[in-house]
Amino acid sequence: GAGVSQSPSNKVTEKGKDVELRCDPISGHTALYWYRQSLGQGLEFLIYFQGNSAPDKSGLPSDRFSAERTGGSVSTLTIQRTQQEDSAVYLCASSLALSKDTQYFGPGTRLTVL
Amino acid sequence: AQSVSQHNHHVILSEAASLELGCNYSYGGTVNLFWYVQYPGQHLQLLLKYFSGDPLVKGIKGFEAEFIKSKFSFNLRKPSVQWSDTAEYFCAVTAKGNTGKLIFGQGTTLQVKP
């Protein structure tokens, strides 16, 4: 079956603009995770969803970042008033359930803030 | 807080050489341990994982890792590397009973010379 897909694959934006990044998890996967991969910080956890709820938002860097998930499937990560330090690859992963199941990663969205 | 440390940032080997990549984690409780690999231009994918049982875990493509609880280590090994093993390798940990969010090490870039 299809893997995790993310769109867009690349996004270039100007500082101060808002961006939306989309993740389509593997069908049937109830858990969904967002991570960020940047040169200075490596791979960082941002947020996870179990179904449509997000019990752990501890990794979101600031209140400019938000995420939602609808219908237990597609998730959107929104960054408001983007800053240059937001430039990174944003990765989405999904798993059948929490904790013990393998997380399958998407190809990522490369965000560049000019 | 949990953290993961990978000691080797960049490793260069010739084909057929043996590989060992170090990984240590900092967490007092029970953990799940993972090695992920990212081949050039590809998604992050799981190499192997340890949840419980035999501390010597075998993964794909001839890789194995050994969990040594007393040393908080989970080193990755391969007896004979191939040029196709050129990639970035990430060690990661989740706390048992946790949400499954992965805490990653900084990654090790492996370059195998033909």
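Because the structure is a prediction, the values reported are computed rather than measured.

## Examining the overall build of chain A
- Per the secondary structure count, chain A includes zero helices and 11 strands.
- Sequence-ordered secondary structure for chain A, helices as α and strands as β, is β-β-β-β-β-β-β-β-β-β-β.
- Against the 2.2 N^0.38 benchmark of 13 Å for 114 residues, chain A shows a C-alpha radius of gyration of 13 Å, consistent with a compact globule.
- Along the first, second and third principal axes, the C-alpha set of chain A runs to 35 × 25 × 25 Å.
- Of all 114 residues assigned to chain A, the portion counted as buried reaches 49%.
- Look at the contacts in chain A between residues 6 or more apart in sequence, and 54% of them connect residues 24 or more apart.
- When the accessible surface of chain A is totalled, it reaches about 5300 Å², and 46% of it is carbon and sulfur.
- Across chain A, the mean location of the 11 positive side-chain charges is 2 Å away from that of the 11 negative side-chain charges.

## Examining the interface of chain B and chain A
- Contacts between the two partners involve 17 residues from chain B, matched on the other side by 20 residues from chain A.
- Between chain B and chain A, the buried area comes to about 1600 Å², and carbon and sulfur atoms account for 53% of it.
- Applying the counting rule to chain B against chain A returns one salt bridge.
- Here B:Lys101 and A:Asp56 are joined by a salt bridge, their closest N and O atoms 3.2 Å apart.
- At the junction of chain B with chain A, the criterion picks out seven residue pairs in polar contact (both at pLDDT 80 or more).
- For the side of chain B that touches chain A, the secondary-structure elements that each account for two or more residues are β5 (31–38) and β6 (44–50) of chain B.
- In terms of residue class, the side of chain B that touches chain A is built from seven nonpolar, eight polar and two charged.

About the criteria used
- Residues numbered from 1 in each chain as written.
- Chains lettered and ligands numbered in written order.
- Predicted model: local features only at pLDDT ≥ 70, side-chain atom pairs only at ≥ 80, totals over all residues.
- Heavy atoms only, no water.
- Helix = DSSP H or I, 4+ residues; strand = E, 2+ residues; numbered from the N terminus.
- Rg over C-alpha atoms; globule rule 2.2 N^0.38 Å.
- Buried < 20%, exposed > 50% of the residue type's maximum accessible area, 1.4 Å probe, protein only.
- Contact = heavy atoms within 4.5 Å.
- Areas by Shrake-Rupley, 256 points an atom, 1.4 Å probe, with all protein chains shown as cover.
- Lys, Arg positive; Asp, Glu negative; His and termini not counted.
- Charge placed at Lys NZ, Arg CZ, Asp CG, Glu CD.
- Buried area = accessible area lost by both parts, 1.4 Å probe.
- Salt bridge = Lys/Arg side-chain N within 4 Å of Asp/Glu carboxyl O.
- Polar contact = N/O pair within 3.5 Å; in protein donor to acceptor, adjacent residues only side chain to side chain.
- Nonpolar A, V, L, I, M, F, W, Y, C, P; charged D, E, K, R; others polar.

Honestly, that's just the spatial picture; any functional story needs more than this.
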